[in-house]
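# What the coordinates show
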Amino acid sequence: MSTIASNESRSASLSRSVLGWSKLPAEYAIPARAPSEAEAQEYCRRLARSHYENFSVASWFLPARLRQHFFNVYAYCRISDDLGDEVGDPAASLQLLDEWEMELDACYGGNPRHPVFVALRETVREFGFGK
């Protein structure tokens, strides 16, 4: 592939990414810096409790030691689903899902930036989920 074609491809990819993130709640975007673990956990709790599904009600029946992990997994699933369903452009959704996968890889590698993956990192450690 020529350098020009490669640059055009990267530019189109970046445009899809920016367009895609703009179709979603601003707090879904991957931040420039990672939040603290406490901030990340609060993000996941807030996201889980603010959606219309019965997931937050179901959390009442979980042992207290599992609730935060439940919120972490829910937040991951909620945003993953929205990246695929709410953008309105399949190419942009695929681009966002690629970025989301890179954050998942960073979660397993120890340096994610998105609050969901900062919080999920502890869930992965706690329950020994290997990739």
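Please read all numbers here as calculations on a predicted model, not as lab measurements.

### A short note on the overall build of the protein
Scanning the protein from N- to C-terminus turns up six helices and zero strands. Each helix and strand of the protein, ordered N terminal to C terminal, gives the series α-α-α-α-α-α. Per-residue burial over the protein gives 38% buried out of 131 residues.

### Some remarks on the confidence of the model for the protein
Summary statistics for the protein give a mean pLDDT of 84 and a share of 79% for residues scoring 70 or more. In the predicted structure, residues 3-12 sits below a pLDDT of 50 and forms one contact with residues beyond four places in sequence or in another chain.

### Remarks on the packing of aromatic side chains
Enumeration over the complete set of coordinates arrives at four aromatic pairs. Ring centres of Y76 and W100 lie 6.4 Å apart, and the angle between their planes is 10°; on these two criteria the pair is classed as stacked. One end of the pair, Y76, is in helix α4 (residues 64-85); the other, W100, is in helix α5 (residues 90-109), with 24 residues separating them in the sequence. According to the relative accessible area criterion, Y76 is partly exposed, its value standing at 26%. With a centroid separation of 5.7 Å and an interplanar angle of 75°, the aromatic rings of Y76 and F117 are classed as edge-to-face. Of this pair, Y76 sits in helix α4 while F117 sits in helix α6 (residues 115-127); the two residues are 41 residues apart in sequence, bridging distant segments of the chain. For F117, a relative accessible area of 0% puts it in the buried group. Taken together, the aromatic side chains of Y76, W100 and F117 make up a single cluster linked through ring pairs.

### Some words on helix α2 (residues 37-50)
For α2, which comprises 14 residues, the first-to-last C-alpha distance of 20 Å matches the rise-based estimate of 20 Å (1.5 Å per residue) to within 8%. Taken together, the buried positions of α2 are occupied by A40, Y43, C44, L47 and A48. Axial view of α2: buried residues confined to an arc of 125°, hence all on one face. For α2, the exposed residues lying more than 90 degrees away from the buried face are A38, R49 and S50.

### Overview of the packing of α2 against α6
Direction vectors running N to C along α2 and α6 enclose 105°, while the axes themselves pass 8 Å from each other. On the basis of their axis angle, the class for α2 and α6 is roughly perpendicular. Of α6, the residues touching α2 (which contributes E37, A40, Q41, Y43 and C44) are P115, V116, V118, A119 and E122. Taken together, the residues that form the contact of α2 with α6 break down as seven nonpolar, one polar and two charged.

Here is what the cut-offs are and how they apply
- Residues numbered from 1 in each chain as written.
- Predicted model: local features only at pLDDT ≥ 70, side-chain atom pairs only at ≥ 80, totals over all residues.
- Heavy atoms only, no water.
- Helix = DSSP H or I, 4+ residues; strand = E, 2+ residues; numbered from the N terminus.
- Buried < 20%, exposed > 50% of the residue type's maximum accessible area, 1.4 Å probe, protein only.
- pLDDT = per-residue confidence, 0-100.
- Contact = heavy atoms within 4.5 Å.
- Phe/Tyr/Trp six-rings, centres within 6.5 Å; stacked < 30°, edge-to-face > 60°.
- Expected span 1.5 Å × (residues − 1).
- Arc of directions from axis to C-beta.
- Axes fitted to C-alpha atoms, helices over the stretch in contact; angles between N-to-C directions.
- Parallel < 35°, antiparallel > 145°, perpendicular 65-115°, else oblique.
- Nonpolar A, V, L, I, M, F, W, Y, C, P; charged D, E, K, R; others polar.

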